[in-house]
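Overview (structure and organization)
What follows is each chain in one-letter form.
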Amino acid sequence: MTALNPLHHAARGTLLAAQLAGLAVDALVDEAMLTPKPGLVDMRGSGAHSDLTWLLMCRSACALYPAFLRMAEAGAGIDDPALLRRRIGAIGREAEAAMMAATGGVNTHRGAIWALGLLVTAAARGSGLDAAAIAHQAGLLACIDDPGAPASTGNKGELACRTHGVGGARGQARAGFPAVIGAALPMLRLSRARGDGEAQARVNALLAIMTTLDDTCLLARGGSRALHATRSGARRVLALGGIATPHGRAALRGLEARMRRLHVSPGGAADLLAAALLLDRIDTIRD
């Protein structure tokens, strides 16, 4: 048997890293443009965010390609988990700076950098991994402490975690992204199987995340009241067949009206929808 040429192996790793980075950006752009999304930026407007537009979100996503590429390359090239965790943590902080430069100081994708960065890193470490295996590997990485990370960031999400005693984005990652694997991807595939359009399936997947997620964006803006109202509203839409049905669409409009009154946005769920879209695409190219 002929041994694999190391240069050929490296070239394959570079191509995979570039492909994964491109899929991550595509997932963020698709999430930004998906319409309708309650409380979130979409093609109709800015939702509960006065400082955001879908175009700004897309600009931010494209600015993150180099960081996702470097994370995937690190995943493919660094065997030691602790060293890898330190490396992608540093890249993630540089990605936040690139995001802020691209958006004029607006936080568009801080949570997504964390979630999708871990996933592209994990996906680059092994060939043939399915979505659940990638999420599990990403969770193992997330459980490793990053010595370069600040003890406290002062971000709204971090403060909401402390105030309400929830795990937030960090907890989701360390648990292997249960809202993605257990809620978003099954709903995405169920919706497609019953004949819903692709956009409808993706909105239903977002709603599935919203039914259970302790969304720190909601908690930071509206507290427990907003979280419970959003969860119950999302459950009602799905119980009525999702947004492909007339009753489901009416329930979605009711949920949107309630969220407008509360001036809240499920930003954490949006990040995890992008993660689900990324893993769904990785599964597609793997198959």
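This write-up is about the structure you can find in this document. The shown structure was predicted, so the numbers you read here are calculated from the model rather than taken from an experiment.

Quick notes on the rules
- Residues numbered from 1 in each chain as written.
- Predicted model: local features only at pLDDT ≥ 70, side-chain atom pairs only at ≥ 80, totals over all residues.
- Heavy atoms only, no water.
- Helix = DSSP H or I, 4+ residues; strand = E, 2+ residues; numbered from the N terminus.
- Rg over C-alpha atoms; globule rule 2.2 N^0.38 Å.
- Buried < 20%, exposed > 50% of the residue type's maximum accessible area, 1.4 Å probe, protein only.
- Contact = heavy atoms within 4.5 Å.
- Areas by Shrake-Rupley, 256 points an atom, 1.4 Å probe, with all protein chains shown as cover.
- Lys, Arg positive; Asp, Glu negative; His and termini not counted.
- Charge placed at Lys NZ, Arg CZ, Asp CG, Glu CD.
- Patch = residues over 30% accessible without salt bridge, like charges linked within 9 Å, V, L, I, M, F, W, Y side chains within 5 Å.
- Salt bridge = Lys/Arg side-chain N within 4 Å of Asp/Glu carboxyl O.
- Phe/Tyr/Trp six-rings, centres within 6.5 Å; stacked < 30°, edge-to-face > 60°.
- Lys NZ or Arg CZ within 6 Å of the ring centre and 35° of its normal.
- Polar contact = N/O pair within 3.5 Å; in protein donor to acceptor, adjacent residues only side chain to side chain.
- Expected span 1.5 Å × (residues − 1).
- Bend = angle between axes of the 7 residues up to and from the residue.
- Disulfide = S-S within 2.5 Å.
- Core = buried A, V, L, I, M, F, W, Y, C linked by side-chain atoms within 4.5 Å.

**With respect to the overall build of the chain**
The number of helices and strands found in the chain is 13 helices and 0 strands. The linear arrangement of helices and strands in the chain, starting from the amino end, is α-α-α-α-α-α-α-α-α-α-α-α-α. What you see for the chain is a C-alpha radius of gyration of 19 Å, in line with the 19 Å of a compact globule of 287 residues. Overall, the C-alpha framework of the chain stretches about 60 × 45 × 30 Å when taken along its three principal axes. Residues counted as buried form 49% of the 287 residues belonging to the chain. Sequence-distant contacts in the chain: of pairs separated by 6 or more residues, those separated by 24 or more amount to 72%. In the form shown here, the chain has an accessible surface area of approximately 12700 Å², with 56% of it arising from carbon and sulfur atoms. The chain carries 31 positive and 23 negative side-chain charges, and their two centres are separated by 7 Å.

**Comments concerning a positive patch on the surface**
Where like charges cluster on the molecular surface, the positive patch consists of Arg225, Arg258, Arg260 and Arg261. With 3 residues, helix 12 (residues 246–262) is the single largest residue contributor to the positive patch. Mapped onto the secondary structure, arginine 258 falls in helix 12. A residue is classified by how much of its surface remains accessible, and arginine 258, at 32% relative accessible area, is partly exposed.

**What about the environment of alanine 239?**
As for its placement among the helices and strands, alanine 239 is situated in helix 11 (residues 216–239). Through-space distance from the C-alpha of alanine 239 to that of lysine 37 is 17 Å; in sequence the pair is 202 residues apart.

**Thoughts on the pattern of salt bridges**
Under the counting rule described, the total for this entry stands at 18 salt bridges. Note that arginine 85 is salt-bridged to aspartate 146, the shortest N-O span being 3.9 Å. Of this pair, arginine 85 sits in helix 4 (residues 81–103) while aspartate 146 sits in the loop between helix 6 (131–142) and helix 7 (156–164), placing them 61 residues apart in sequence. Grouping residues by exposure puts arginine 85 and aspartate 146 together as buried. Arginine 189 is the partner of aspartate 280 in a salt bridge, and the nearest nitrogen-oxygen pair spans 3.4 Å.

**With respect to the packing of aromatic side chains**
Working definition: an aromatic ring pair is given by the centre-to-centre distance plus the angle between the planes. Applying the stated criterion to the full structure yields 0 aromatic pairs. It is arginine 170 that lies over the ring of tryptophan 114; its NZ or CZ is 5.0 Å from the centre.

**A short note on the side chain of asparagine 204**
By secondary structure assignment, the location of asparagine 204 is in helix 10 (residues 198–210). A relative accessible area of 0% means that asparagine 204 is categorised as buried. Those residues in contact with asparagine 204 that lie beyond four places of it in its chain are Met187, Ser191, Arg194, Asp196, Leu238, Gly242 and Ile243.

**A closer look at the side chain of histidine 49**
Along the chain, the position of histidine 49 falls in the loop between helix 1 (6–33) and helix 2 (54–63). Setting aside residues up to four positions removed in sequence, histidine 49 forms contacts with Gly39, Val41, Arg221 and Ser265.

**Quick look at the environment of arginine 231**
Position of arginine 231 among the secondary structure elements: in helix 11. Put simply, arginine 231 and alanine 173 are 58 residues apart on the chain and 20 Å apart in space, counted from C-alpha to C-alpha. Arginine 231 has contacts with Met210, Thr211, Thr212, Leu213 and Asp214, leaving out every residue within four places of it along the chain. Here the side chain of arginine 231 touches aspartate 214 through a polar contact of 2.5 Å, side chain to side chain.

**Topic: helix 11**
Relative to the 34 Å expected for 24 residues at 1.5 Å per residue, helix 11 spans just 24 Å between its end C-alpha atoms, considerably shorter than the ideal helical length. Residue glycine 222 marks the point of greatest curvature in helix 11, where the axis turns by about 130 degrees. Measuring from the side-chain oxygen of the N-cap residue of helix 11 to the backbone nitrogen of cysteine 217 gives 2.9 Å; that N-cap residue is aspartate 215.

**Considering the state of the cysteines**
Enumeration over the complete set of coordinates arrives at 0 disulfides. The thiol of cysteine 58 is unpaired, and the distance to the nearest cysteine sulfur, on cysteine 62, comes to 6.8 Å. Residue cysteine 217 stays outside any disulfide, its sulfur separated by 10 Å from that of cysteine 161, the closest cysteine.

**As for the nonpolar core**
Within the largest apolar cluster, 94 residues are counted, with the highest numbers of intra-cluster contacts made by Phe68, Leu116, Leu118, Phe177, Leu207 and Leu278. What leucine 116 contacts, discounting residues up to four positions off in sequence, is Ala24, Ala27, Leu28, Phe68, Asp271, Ala274, Ala275 and Leu278.

The values are spatial; any link to function lies outside them.
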